[in-house]
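Observations on the model geometry
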Amino acid sequence: MRLNNLLKSASLKQKVVVAIAGADNRESIDFVIEALTLKLAKFLLVGDEYVIRKYLNENSIPDDEALQIVHAISKEDAAHLAVRAVDSNQATILMKGNIPSRLLLKTVLNNAYGLKSTSGLSHVAVFEIPDYQQLLIVTDAAMNIAPSLMEKKYIIENAVKVANSIGIVNPNVIALAAVEEVNPSMQATIDAAALTLMNRRGQIKNCQIEGPLALDNAISVISARQKGIDSEIAGKADIIVVPNIEVGNVLYKSLVYFGKAKVGAFIVGAKTPIVFTSRADSLEAKLYSLALSICSL
């Protein structure tokens, strides 16, 4: 499986409607046009109608009937209108456009809407890395700041569902830390060991968990053997669970900028997928993120 395969898989599914909160900017319109060209989805463009039409008129639109514009008088209004569209089933997927992250998340979590679910929200990123033998999922790099043990449990469960949706059955999950042994002074090692035990006792299902492991032992069988780690999944990570958002953020950006990895990412755990890209993300990354969210439905 490669990320390009996700684009094809998403294009073959029944077309969903994506509500973009803050679509009144050139980057969002460029993305929409490319997504329409690839036949990925239909779109509800929420934002300043004048600006949206201005950018649309500068381009050739592959499918006018796949677009609908909803005028918003402010970024806050755009957030509420987009979330309301998903809540009322006018749209299936929510996507962040030119709008503050905190504003959109605050609206998603508003009790006036029905987007919250019984599980918690987490950010799941799927990487295609040169010279790594398989897709690699990293979680959580953008949502949970310093997750507790039980929060890490639902972070893993969310990631496992995403792995299943892209064809990874019974994924290998590595609970990341700086060392391989439990150290009472390092909470990440304690949590990792607890998650491993919870998995073996059936409290976390449909995956295999090993931890604590450092990054080299998570992705390199040779490194794991050299350190004498007795584990069937060490060095073969499908999912890496980071201990906190700083580690996740640095790993995410290192893979993209130093490792030249391709990536798709979205927020899982709400009643609908949330494509939560930033303006710094490439057009390719945004398309992969949308395709990933469509395949997860």
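Before going into details, it helps to say that this report is about the structure given with it. (Residues numbered from 1 in each chain as written. Predicted model: local features only at pLDDT ≥ 70, side-chain atom pairs only at ≥ 80, totals over all residues. Heavy atoms only, no water.)

Comments concerning the overall build of the chain
Rules: Per the convention used, a helix needs a DSSP run of H or I reaching at least four residues, while a strand needs a run of E reaching at least two, with both numbered from the N terminus. Between the two quantities, the radius of gyration covers C-alpha atoms and the globule rule is 2.2 Å times the number of residues to the power 0.38. Areas reported as accessible are Shrake-Rupley estimates using a 1.4 Å probe. Residue values count occlusion only from the protein chains shown. Neither His nor the chain termini are counted; the positive set is Lys and Arg, and the negative set is Asp and Glu. Where a charge sits is defined by one atom per residue type, namely NZ (Lys), CZ (Arg), CG (Asp) or CD (Glu).
Scanning the chain from N- to C-terminus turns up 11 helices and 11 strands. Here the C-alpha atoms of the chain give a radius of gyration of 20 Å, agreeing with the 19 Å that 2.2 N^0.38 yields for 297 residues. Each principal axis of the C-alpha atoms in the chain carries an extent, and together these give about 60 × 40 × 30 Å. Taken as a whole, the chain presents about 13,800 Å² of accessible surface, with 50% of it coming from carbon and sulfur. When the 30 basic and 29 acidic side-chain charges of the chain are each reduced to a single mean position, those positions are 3 Å apart.

Considerations on unusual backbone geometry
For the record, the criterion: The cut-offs for exposure are 20% and 50% of the maximum accessible area for each residue type, with area from a 1.4 Å probe on protein chains only; residues under the lower value are buried, those over the upper are exposed, and the others partly exposed.
With an omega of 10 degrees, the peptide bond between threonine 139 and aspartate 140 qualifies as cis. Looking at the secondary structure, you find aspartate 140 in the loop between β6 (136-139) and α6 (149-165). Here the bond from glycine 211 into proline 212 is cis, since omega is 5 degrees, no more than 30 degrees from zero. Following the sequence through the fold, proline 212 ends up in strand β8 (residues 208-213). Here the phi dihedral of lysine 39 falls at roughly 60 degrees; this positive angle occurs in a residue that is not glycine. In this fold, lysine 39 is placed in the loop between α2 (26-37) and β2 (42-47). The exposure class assigned to lysine 39 is exposed, which follows from its relative accessible area of 58%. With a phi angle near 65 degrees, asparagine 206 is a residue other than glycine that sits in the positive phi range.

With respect to the packing of aromatic side chains
The geometry of an aromatic ring pair comes down to the distance between the two centres and the angle between the two planes. Note the cut-off: Two aromatic rings, drawn from Phe, Tyr or Trp (for Trp, its six-membered ring), form a pair once their centres lie within 6.5 Å of each other, and the interplanar angle then sorts them: stacked below 30 degrees, edge-to-face above 60, tilted otherwise.
Enumeration according to the criterion identifies 2 aromatic pairs in this entry. On the numbers, 6.0 Å between centres and 85 degrees between planes, the contact of phenylalanine 31 with phenylalanine 43 is edge-to-face. Within this pair, whereas phenylalanine 31 is found in helix α2, its partner phenylalanine 43 is found in strand β2, the two being separated by 12 residues in sequence. When the centroid spacing of 5.2 Å and the interplanar angle of 75 degrees are considered together, the rings of phenylalanine 127 and tyrosine 252 count as edge-to-face. With a gap of 125 residues between them, phenylalanine 127 in strand β5 (residues 122-128) and tyrosine 252 in helix α10 (residues 245-257) connect regions that are remote in the sequence. Comparing phenylalanine 127 with tyrosine 252 shows no difference in burial state: the two are buried.

What to know about the nonpolar core
One broad rule of soluble globular proteins: the nonpolar side chains tend to lie buried together. Our working definition: Definition used in this section: a nonpolar core is a set of buried Ala, Val, Leu, Ile, Met, Phe, Trp, Tyr and Cys residues joined via side-chain atoms within 4.5 Å. The contact criterion used is simple: two residues touch if any of their non-hydrogen atoms lie within 4.5 Å.
Core analysis: the biggest nonpolar cluster contains 60 residues, and Val18, Ile20, Phe31, Phe43, Leu45, Ile156 and Leu290 have the highest contact counts within it. Apart from residues no more than four positions distant in its own chain, isoleucine 156 is found in contact with Val173, Leu195, Ile204, Cys207, Ile209 and Val241. One finds Ala78, Leu104, Ala270 and Phe276 within the second-largest nonpolar core, a separate group that totals 25 residues.

Quick notes on helix α4 (residues 75-87)
Spacing of three or four residues puts side chains on the same side of an α-helix, whose turn is 3.6 residues. Here is the rule we go by: By this rule, a helix spans an expected 1.5 Å times one less than how many residues it contains. The directions considered for the arc run from the helix axis to the C-beta atoms.
Between the first and last C-alpha of α4 there are 18 Å, a value that for 13 residues agrees with the 18 Å anticipated at 1.5 Å per step. Among all positions of α4, only Ala78, Ala79, Ala82, Val83, Ala85 and Val86 are buried. All buried residues of α4 lie within an arc of 155 degrees about the axis, which places them on one face of the element. Of the residues one or two after α4, asparagine 89 is the one with positive phi, at around 70 degrees.

Focus on the layout of surface pockets
Heads up, the rule is: Cavities and pockets were defined on a 1 Å grid built over protein atoms only: a cavity is a set of grid points that admits a 1.4 Å probe from which the probe cannot escape, a pocket is an open set flanked by protein on both sides within 12 Å along at least five of seven lines, and lining residues are those with an atom within 4 Å of any such point. Grid points are joined across faces, edges and corners, and a volume is the space filled by probe spheres set on the points. Residue type decides the class: Asp, Glu, Lys and Arg count as charged, Ala, Val, Leu, Ile, Met, Phe, Trp, Tyr, Cys and Pro as nonpolar, and the leftover types, Gly among them, as polar.
When its volume is computed, the largest pocket comes out at roughly 610 Å³. Together, 25 residues line the largest pocket, and Tyr252, Lys253, Phe276, Ser278 and Asp281 are the ones closest to its centre. Broken down by secondary-structure element, the contributors of at least two residues to the lining of the largest pocket are α5 (101-108), α10, β10 (262-268) and α11 (283-295). A total of 6 residues in the lining of the largest pocket trace back to one element, the largest contributor, which is α10. In terms of residue class, the lining of the largest pocket is made up of 13 nonpolar, 8 polar and 4 charged. By volume, the second largest pocket is sized at about 220 Å³.

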